[in-house]
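If you want the building blocks of each chain, they are given just below.
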There are 2 protein chains.
Amino acid sequence: MRADARKNYSHLLEVARGVVAEDGADASMREIARRAGVGLATLLRHFPTREALFEALLRANLEALTQKAAELETSHPPDEALMSWFREVVAFVQSYSGVVALMASAHEDPDSALYATCVAVHSAGARLLLHAQSEGTARSDMDGGDLFALISALGWLAGQPGFATRGDHLSHLITSAILTNPPENNVKKAM
Amino acid sequence: MRADARKNYSHLLEVARGVVAEDGADASMREIARRAGVGLATLLRHFPTREALFEALLRANLEALTQKAAELETSHPPDEALMSWFREVVAFVQSYSGVVALMASAHEDPDSALYATCVAVHSAGARLLLHAQSEGTARSDMDGGDLFALISALGWLAGQPGFATRGDHLSHLITSAILTNPPENNVKKAM
DNA sequence: ACCTGAACACCGTTCAAGT
DNA sequence: ACCTGAACACCGTTCAAGT
């Protein structure tokens, strides 16, 4: 890559991160190019699709999550590992509004630039779930896909203004549905 | 309303229903007008916003759901009423892809054409939940807003190609999290 | 090699002009 | 009253022309 191209590349990524933080995952590509002081066509040659841009934006985060799963697997009991990883992934997908739809569709499209990283995260979660299930601490009638779906749903909820404030509470509710023996499920019988 | 206007109105609604069934809630307004054989401006004078169009499209369904809640309230025990209403609303929001985002934002905007009907559905659900809670059959640490959020999340999931097939299963998982005494929660301890 | 402006086919909004 | 085409400001895609 030529020196000017490399400079454009990293500058575009930096600007894109800011715009996406403001406008979410469906931010205007033109707006990103505009703020970077570069032609739209230049942005699109570096990142031919929105997925390609997000692959570059998110790869580090997603790889960290995959690795985190491996660490938790050895350092904690299966149910704790599953729950603390779950919360971490949810926190991540909630931090970029709209990113969850992008990831969900990338996971279905082997040609997507985001496909590989999404699959890695997905199977890291599936492993954690399997371990907890084999111990009997997670419900046995769900699989990695269900786990990914629930995480995605919580990410989507956080992006809806009316639901954003309930994110943590609903996360708790759903995790308590995944575990067979939730630590405390906050259910108090009325009178 | 003039005769030709009235004819346009009902024809537009009919066409819109078809287009929305195909393309979801973010269907192109232009496309609807085009298929109706009418100018885009004509569509927009009948329905000045997308919300206005959907208010007309969905009012009957949403009012039916509100009424259904009242019926179930008298004909069934609180927990059964809540669950069977929940499933019915979920089935509805899953039938129009993307409609759930529209409803969620309408519920936050008193000026939206969909606001009143959404609020009615919302509070009908809150009533059912309260009854079940006062009986001790639904978890006490959630409110009508949480219920609406969970329904919306399930509606959103059904609109994502990768998750659509899991809709029923995840509905079951979530309802079992709402009830304090799920009829059968499908959790088998693995030795 | 890399960048860029311009043309293209879309979108929803607005409005003056027609009947 | 109601309809309509056209102009407008956006969007992402594509490509010939520049350095």
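Criteria and cut-off values
- Residues numbered from 1 in each chain as written.
- Chains lettered and ligands numbered in written order.
- Predicted model: local features only at pLDDT ≥ 70, side-chain atom pairs only at ≥ 80, totals over all residues.
- Heavy atoms only, no water.
- Least-squares fit on C-alpha atoms with pLDDT ≥ 70 in both.
- Contact = heavy atoms within 4.5 Å.
- Core = buried A, V, L, I, M, F, W, Y, C linked by side-chain atoms within 4.5 Å.
- Buried < 20%, exposed > 50% of the residue type's maximum accessible area, 1.4 Å probe, protein only.
- Axes fitted to C-alpha atoms, helices over the stretch in contact; angles between N-to-C directions.
- Helix = DSSP H or I, 4+ residues; strand = E, 2+ residues; numbered from the N terminus.
- Parallel < 35°, antiparallel > 145°, perpendicular 65-115°, else oblique.
- Nonpolar A, V, L, I, M, F, W, Y, C, P; charged D, E, K, R; others polar.
- Near = heavy atom within 4 Å.
- Polar contact = N/O pair within 3.5 Å; in protein donor to acceptor, adjacent residues only side chain to side chain.

(A) Inspection of the relation of the copies chain B and chain A at higher detail. Rotating chain B by 180° about the axis while translating it 0.0 Å along that axis superimposes it on chain A, leaving an RMSD of 0.0 Å. Those values place the two copies in the arrangement expected of a two-fold rotation axis. Comparing interface residues between copies, 98% of those in chain B also sit at the interface in chain A, which points to an isologous, same-surface contact.

(B) Layout of the nonpolar core. Formed by 132 residues in total, the largest nonpolar core has its most connected members in Trp 85 of chain A together with Trp 85 of chain B. Apart from residues no more than four positions distant in its own chain, Trp 85 of chain A is found in contact with Leu 65, Lys 68, Ala 69, Leu 72, Val 121, Ala 124, Gly 125, Leu 128, Leu 147 and Ile 151 of chain A.

(C) Representation of the packing of helix H4 (residues 50-75) of chain A against helix H5 (residues 78-95) of chain A in the model. All names here are of chain A. At their nearest, the axes of H4 and H5 sit 9 Å apart, and the two run at 170° to each other. For the element pair H4 / H5, the angle class is roughly antiparallel. Along its contact with H4, which presents Leu 58, Asn 61, Leu 62, Leu 65, Lys 68, Ala 69, Leu 72 and Glu 73, the element H5 presents Ala 81, Ser 84, Trp 85, Glu 88, Val 89 and Phe 92. Grouping the amino acids of the contact of H4 with H5 by side-chain chemistry returns 9 nonpolar, 2 polar and 3 charged.

(D) How the structure looks around the protein's contact with DNA strand C. Neighbouring residues of DNA strand C: 20 residues in total, closest Arg 2, Asn 8, Thr 42 and Arg 45 of chain A together with Arg 30 of chain B. The sugar and phosphate moieties of DNA strand C supply 55% of its atoms located within 4 Å of the protein. Here Asn 8 of chain A contributes a side-chain N or O atom positioned 2.3 Å from a phosphate oxygen of DNA strand C. Thr 42 of chain A places a polar side-chain atom, nitrogen or oxygen, 2.8 Å from a phosphate oxygen of DNA strand C. Only helix H1 (3-23) and helix H3 (40-46) of chain A together with helix H2 (29-36) and helix H3 (40-46) of chain B provide two or more residues apiece to the surface near DNA strand C. No other element matches the 4 residues that H3 of chain A contributes to the surface near DNA strand C. In terms of residue class, the surface near DNA strand C is built from 9 nonpolar, 5 polar and 6 charged.

(E) Spotlight on the protein's contact with DNA strand D. Residues in contact with DNA strand D amount to 20 residues; listed here are only the nearest, Arg 30 of chain A together with Arg 2, Asn 8, Thr 42 and Arg 45 of chain B. A breakdown of the atoms of DNA strand D within 4 Å of the protein gives sugar and phosphate a share of 57%. Here a phosphate oxygen of DNA strand D and a side-chain polar atom of Ser 28 of chain A are 3.0 Å apart. At 2.3 Å, a side-chain N or O of Asn 8 of chain B approaches a phosphate oxygen of DNA strand D. When contributions to the surface near DNA strand D are tallied by element, the ones reaching two or more residues are helix H2 (29-36) and H3 of chain A together with helix H1 (3-23) and H3 of chain B. Here the surface near DNA strand D gets 4 residues from one element, more than from any other, and that element is H3 of chain B. Residue composition of the surface near DNA strand D, by class: 9 nonpolar, 5 polar and 6 charged.

(F) Here's a closer look at the environment of Ser 171 of chain A. All names here are of chain A. In this fold, Ser 171 is placed in helix H9 (residues 167-178). Ser 171 sits in the buried class, given a relative accessible area of 10%. Counting along the chain gives 20 residues from Ser 171 to Ile 151, while the straight-line C-alpha distance between them is 8.6 Å. Once you skip the residues sitting within four places of it in the chain, Ser 171 turns out to touch Val 90, Gln 94 and Leu 154.

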